[in-house]
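Structural features, examined
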Amino acid sequence: MAITKKWLYVGIPVGAAVILAAVLGGVLGSRASKNNSSSTSGTSSSSGEAAASSAASVKEAIGVFPTGTDSQYLLPLYPSTTNAAAFTTPTFNPTQNTNLAWPEDSFKPSNPSPTNWQALPTLIQNDPYLKSWNDTIFGNATDYFGLAPVQYFLDGSSGILDNAREVKERVKAFSYAYRMTNDSKWLDRTFTELQNAAGNGTTDFGPDGPSKWNPSHFLDTAEFTAAFAVAYDWLYDAWSDEQKSQIRSSMIFYGLQAGIETIKNGSAWWTGNTIKGNWNCVCNSGLTMGSLAILGDDTSGIAEQLLALTIPNALENCAFAVSDDGTWAETANYWYFGTTGHAEMASSLMTATGSDMGLLSNNPNFAKTGLYHMYVTGPGSLFSYGDHGPNKYSTTANSILLYGDQFQHPEYVLFQRDQHDAPEPNSMFWYNPTVAGAFWDGMPLDHVFDNSTDQWASMRSSWTDENALYVAIKAGTLQNHQTHNDLDCGDFVIDALGTRWAGDLGSGDYLSTGYFSSDAQDSQRWLYYRKRTEGQNTILVNKANQLVTAAPSIGFDTSNTTQGSSTVFEAPSDSTALFTADLSSAYSNVSSFKRGIRMINGRRQVLLQDDINASGDIMWRMHTNATVTVNGNSATLTIGDQTMQMTILNAPDGVSLTTGPAVRFSDDPALPQGQVDQPNPGVTVIMISLPAGEHSLQVLFNPQWSGFTSFQTPPSVPIDSWTLRSHDSS
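What you see is a predicted model; the values in this text were computed from it and never measured. (Residues numbered from 1 in each chain as written. Predicted model: local features only at pLDDT ≥ 70, side-chain atom pairs only at ≥ 80, totals over all residues. Heavy atoms only, no water.)

A short note on the overall build of the chain
A tally of helices and strands in the chain yields 15 helices and 19 strands. When burial is assessed residue by residue, the chain has 62% of its 730 residues classed as buried. Carbon and sulfur atoms form 49% of the exposed surface of the chain, whose accessible area is close to 24900 Å². (Helix = DSSP H or I, 4+ residues; strand = E, 2+ residues; numbered from the N terminus. Buried < 20%, exposed > 50% of the residue type's maximum accessible area, 1.4 Å probe, protein only. Areas by Shrake-Rupley, 256 points an atom, 1.4 Å probe, with all protein chains shown as cover.)

Here it is as structure tokens:
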């Protein structure tokens with residue numbers, strides 16, 4: 001149960017000759033001159049050698065926050081102390097952090113230069129985050145070094161994507177280690193990995209010929225191409241001419257040529273104007289990185305041809321995978337894949353051409369996506385609705401380090417730098433070390449994302465307490481999510497006491513027949529339990545799936561509580577937030593259905609209410625990992641030594657509360673021949689059943705906080721009459 005982890009646009013496409021002139025200076029800040037040494041032993045500028053500032057001293061004194069090892073996403077554990085010197089308003093302040101700033105002669109977008117590598121040792125010495133990340137990258141590289149090269153494994157229609165991403169992850173780590181040490185063992189190990197992936201190693205790596213990198217599942221090809229581009233560019237001066245020729249030839253034959261052919265023969269479906277998600281970003285990014293890496297060295301013209309195709313396409317599609325409220329149009333997990341591709345493409349363009357070519361600005365709302373990622377992250381996990389994707393490997397949330405710097409949102413940088421996935425080579429250059437403050441200082445506890453495609457909100461009792469109460473809920477349309485969504489209008493999650501009590505199941509088996517067939521009502525995708533409405537935390541009517549034509553409307557209100565600078569925070573007694581949704585259009589046997597959820601009693605309790613009038617049997621469902629004990633109209637949920645009490649208030653006539661396994665109903669439509677559902681071990685479904693008719697079902701959740709006994713029973717208020725003060729105790 002997944003509940004317990006700058007391209008070419010100036011109004012019109014720019015000609016290939018202009019791109020060529022722009023990028024000959026270098027790619028990714030490494031290739032400004034083909035004669036430059038990769039040594040990092042040189043001195044940096046005087047600003048890089050300046051005495052440590054007071055802000056640097058504060059940062060060094062605090063160090064890096066520890067990680068919650070029992071959290072699925074290994075989220076940071078913030079200290080229960082107040083540090084007035086460090087926990088201040090988020091800011092970038094290079095004038096007070098001169099020892100932590102990139103030197104004046106280091107990379108700037110208009111001046112690609114290898115000296116950013118030379119500056120790193122000084123920066124690492126003076127910034128605990130850079131030091132920690134550097135240590136982790138070297139640790140990972142050392143671990144990878146002792147492993148055999150990645151073995152080829154074709155995972156059905158999912159291809160060799162895991163192989164590609166693992167190769168990319170290794171190549172980045174090995175290349176970084178070489179640039180920082182000049183130790184030839186890292187260079188040799190990189191070449192061994194590349195040769196193996198090109199089919200020139202000692203073990204078999206897939207079929208011979210142009211299908212080796214599996215262009216039929218083009219994500220695979222794109223990620224291999226990106227890996228080869230990084231190795232070619234970052235280690236450019238270290239390769240012999242023969243090695244460069246081999247790397248370049250492999251990248252062209254298996255990657256770039258496949259890209260040209262796939263796009264021109266019309267099979268690159270991911271270039272279509274409705275494909276605004278991770279496929280478009282990752283595929284365009286890999287091809288662009290590969291093209292930039294070989295410009296000036298290859299005489300075939302393939303790089304110029306591809307850049308004229310990938311950049312305009314990404315500007316119109318990848319850049320608009322972010323909705324106008326900042327939400328990633330697929331799911332919270334696919335945000336990682338998509339933004340990694342987008343950020344790597346933008347960063348490569350900036351270092352190669354001095355411009356992101358509009359990739360960061362073409363969608364004026366792209367800057368909001370860091371906010372989306374922050375609010376979709378609860379105290380221990382994401383609000384992980386829909387598919388969660390394959391192994392992340394080379395994808396991280398480090399895109400918001402780049403976005404925070406480029407869009408001037410220091411809170412994004414401060415949020416991400418403490419996350420477990422921050423230590424990887426991109427972070428060493430995307431992180432602005434002059435950042436200071438605390439991301440939570442002044443950050444509202446609640447936020448609504450109201451784009452009609454998404455429509456979701458989250459609310460919490462603290463940003464820094466791992467035991468905080470966190471609620472997230474969604475409505476939104478059930479189509480146009482790149483077929484990664486569920487039939488889940490009204491789905492919600494609840495965290496409290498350091499655990500998730502109501503959660504999402506995540507992906508089914510991607511290789512299942514018809515899993516990605518379509519998002520039409522009769523799609524085989526909706527036969528699988530984890531994608532069906534019964535597999536979500538919402539209402540069923542007559543055990544039927546919701547309608548894919550659903551067009552919900554929502555309401556939201558909040559007391560606008562912000563945390564302030566201290567990690568120790570208790571919400572005021574009148575602090576609250578609420579989300580309501582009219583979900584009537586999601587059902588065929590419903591004349592009216594409104595769902596509302598809110599925090600009450602100073603954000604200590606949660607009330608979930610459903611006002612529904614249905615002509616069929618009604619079933620309320622919630623998935624939990626807890627051990628559940630039912631007692632009449634209430635249930636006690638236990639996980640470890642923590643307890644949650646849930647109670648039906650003003651129980652309607654005919655109500656019953658039961659539990660059962662997370663499996664399909666016996667009378668569900670049959671699965672495709674030979675197919676089975678993903679098992680959901682350890683998951684219990686709490687069900688509240690009601691007969692047809694008009695009902696107001698109110699369920700109160702009371703986490704059993706240590707030493708807290710002042711629980712309140714809220715009044716019964718129709719959802720249409722909910723206000724911030726409608727549920728105050730008398």
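Notes on the state of the cysteines
Per the counting criterion, the structure on display carries 1 disulfide. Here cysteine 281 connects covalently by a disulfide to cysteine 318, the sulfurs 2.1 Å from one another. For the disulfide bridge between cysteine 281 and cysteine 318, the dihedral angle about the S-S bond is near 105°, and by the sign convention the bridge is right-handed. Of the two residues, cysteine 281 is situated in helix 9 (residues 278–294) and cysteine 318 in the loop between helix 10 (302–316) and helix 11 (334–353); the sequence distance between them amounts to 37 residues. With respect to class, cysteine 281 is no different from cysteine 318; both count as buried. In this structure cysteine 283 is not part of a disulfide, and its nearest cysteine sulfur, from cysteine 281, lies 9.5 Å away. (Disulfide = S-S within 2.5 Å.)

With respect to helix 13 (residues 399–406)
In terms of burial, helix 13 is a largely internal element, 6 of the 8 residues being buried. For helix 13, the full list of buried residues reads Ser399, Ile400, Leu401, Leu402, Tyr403 and Gly404. With its phi angle positive at about 60°, glutamine 408 sits one or two positions after the end of helix 13.

Digging into the side chain of aspartate 610
Of note, aspartate 610 is situated in strand 12 (residues 605–614). By relative accessible area, aspartate 610 is classed as buried at 1%. A polar atom in the side chain of aspartate 610 sits 2.6 Å from the side chain of arginine 595. Sequence-distant contacts of aspartate 610, that is, excluding residues within four places in its chain, are made with Ile539, Phe593, Lys594, Arg595, Trp620, His695, Ser696, Leu697 and Ile719. (Polar contact = N/O pair within 3.5 Å; in protein donor to acceptor, adjacent residues only side chain to side chain. Contact = heavy atoms within 4.5 Å.)

A few points about the packing of aromatic side chains
Applying the stated criterion across every chain, the model contains 48 aromatic pairs. Ring geometry for phenylalanine 191 and tryptophan 239: centres 5.7 Å apart, planes at 50°, overall tilted. Of this pair, phenylalanine 191 sits in helix 6 (residues 184–197) while tryptophan 239 sits in the loop between helix 7 (218–234) and helix 8 (241–264), placing them 48 residues apart in sequence. Taking the relative accessible area as the measure of exposure, phenylalanine 191 reaches 15% and is therefore buried. Between tyrosine 334 and phenylalanine 337 the ring centres are 5.2 Å apart and the planes differ by 50°, which places this aromatic pair in the tilted class. Of this pair, tyrosine 334 and phenylalanine 337 both sit in helix 11, 3 residues apart, roughly one helical turn. Here arginine 525 stacks its cationic end above the ring of tyrosine 515, 4.7 Å away from the centre of that ring. (Phe/Tyr/Trp six-rings, centres within 6.5 Å; stacked < 30°, edge-to-face > 60°. Lys NZ or Arg CZ within 6 Å of the ring centre and 35° of its normal.)

Remarks on the environment of serine 132
Relative to the elements of secondary structure, serine 132 occurs in helix 4 (residues 128–145). Sequence-wise, serine 132 and alanine 422 are 290 residues apart; in three dimensions their C-alpha atoms are separated by 9.8 Å.

Quick notes on the sheet that holds strand 19 (residues 693–703)
Pairing in this open sheet of 8 strands is antiparallel, and the strands run 9-10-11-12-19-16-15-14 from one edge to the other. The outermost strands of the open sheet, each flanked by one partner alone, are strand 9 (553–558) and strand 14 (627–631). If you compare each strand with its neighbour and ignore which way they point, the axes differ by 15° on average. The sheet contact formed by strand 16 (residues 642–649) and strand 19 spans 6 bridges and is antiparallel. Bridging across to strand 19, threonine 647 finds its partner in leucine 700. (Pairing = 2+ DSSP bridges. Axes fitted to C-alpha atoms, helices over the stretch in contact; angles between N-to-C directions.)

Notes on the confidence of the model for the chain
Counting all residues, the mean pLDDT for the chain is 89, and 88% of those residues have values of 70 or more. Below a pLDDT of 50 lies the segment residues 1–53, which in the model reaches 168 contacts outside its immediate sequence neighbourhood of four places, other chains included. (pLDDT = per-residue confidence, 0-100.)

So, helix 9
For helix 9, with 17 residues, the first-to-last C-alpha span of 25 Å sits near the 24 Å given by 1.5 Å per residue. Buried residues dominate helix 9, accounting for 17 of its 17 residues. Immediately beyond the C-terminal end of helix 9, within one or two residues, lies glycine 296, with a positive phi of roughly 90°. (Expected span 1.5 Å × (residues − 1).)

Some remarks on the nonpolar core
For soluble globular proteins, nonpolar side chains are generally found buried alongside one another. Within the largest apolar cluster, 139 residues are counted, with the highest numbers of intra-cluster contacts made by Tyr176, Trp270, Trp328 and Tyr372. Excluding residues within four positions of it along the chain, tryptophan 328 makes contact with Gly277, Asn278, Cys281, Ala321, Val322, Tyr334, Trp335, Gly338, Thr339, Phe366, Tyr372 and Asp454. Ranked by size, the runner-up nonpolar core spans 54 residues in total, among them Ala457, Phe492, Ile612 and Leu657. (Core = buried A, V, L, I, M, F, W, Y, C linked by side-chain atoms within 4.5 Å.)

Details of the pattern of salt bridges
With the rule as written, the count across this model stands at 24 salt bridges. Its salt-bridge partner being arginine 525, residue aspartate 387 comes within 3.0 Å of it at the nearest N-O pair. Residue aspartate 387 is found in the loop between helix 12 (369–376) and helix 13, and its partner arginine 525 is found in the loop between strand 7 (499–502) and strand 8 (539–541); the two are separated by 138 residues along the sequence. When sorted by exposure, aspartate 387 lands in the same class as arginine 525, which is buried. Across the pair aspartate 387 and lysine 531 runs a salt bridge, and its minimum N-O distance is 2.8 Å. Linking aspartate 387 in the loop between helix 12 and helix 13 with lysine 531 in the loop between strand 7 and strand 8, this pair joins segments that are 144 residues apart in sequence. (Salt bridge = Lys/Arg side-chain N within 4 Å of Asp/Glu carboxyl O.)

Overview of the side chain of threonine 561
By the element assignment, threonine 561 lies in the loop between strand 9 and strand 10 (577–582). One polar contact links threonine 561 to serine 559, side chain to side chain, over a distance of 2.9 Å. Not counting residues within four places of it along the chain, the set of residues in contact with threonine 561 comprises Met443, Pro444, Leu445, Phe569, Pro572, Ser575 and Arg603.

Observations concerning the environment of asparagine 467
By the element assignment, asparagine 467 lies in the loop between strand 4 (456–460) and strand 5 (470–474). For asparagine 467, a relative accessible area of 30% translates into the label partly exposed. Each C-alpha atom of the pair asparagine 467 and proline 379 lies 7.0 Å from the other, and the pair is 88 residues apart in sequence. When near neighbours in sequence (up to four residues on either side) are disregarded, asparagine 467 contacts Ala496, Leu497, Gly498 and Trp705. A distance of 3.2 Å separates a polar side-chain atom of asparagine 467 from the backbone nitrogen of glycine 498.

Brief notes about the pairing of strand 4
In terms of burial, strand 4 is a largely internal element, 5 of the 5 residues being buried. Burial along strand 4 is two-sided: the residues Trp456, Ser458 and Arg460 and Ala457 and Met459 are all buried. As paired elements, strand 3 (residues 447–449) and strand 4 share 3 bridges and run antiparallel to each other. Within strand 4, the position partnered with phenylalanine 449 by the bridge is tryptophan 456.

Quick look at the packing of helix 8 against helix 10
Contact pair helix 8 / helix 10: the axes reach a minimum separation of 10 Å and the direction vectors enclose 45°. With respect to their mutual orientation, helix 8 and helix 10 come out oblique. Helix 8 and helix 10 meet at a crossing whose hand is left-handed. Taken together, the residues of helix 10 that come into contact with helix 8 (itself represented by Ile252, Leu256, Gln257, Gly259, Ile260, Ile263 and Lys264) are Ile302, Gln305, Leu306 and Leu309. Residue composition of the contact of helix 8 with helix 10, by class: 7 nonpolar, 3 polar and 1 charged. (Parallel < 35°, antiparallel > 145°, perpendicular 65-115°, else oblique. Left-handed = near helix turned anticlockwise from the far one by under 90°. Nonpolar A, V, L, I, M, F, W, Y, C, P; charged D, E, K, R; others polar.)

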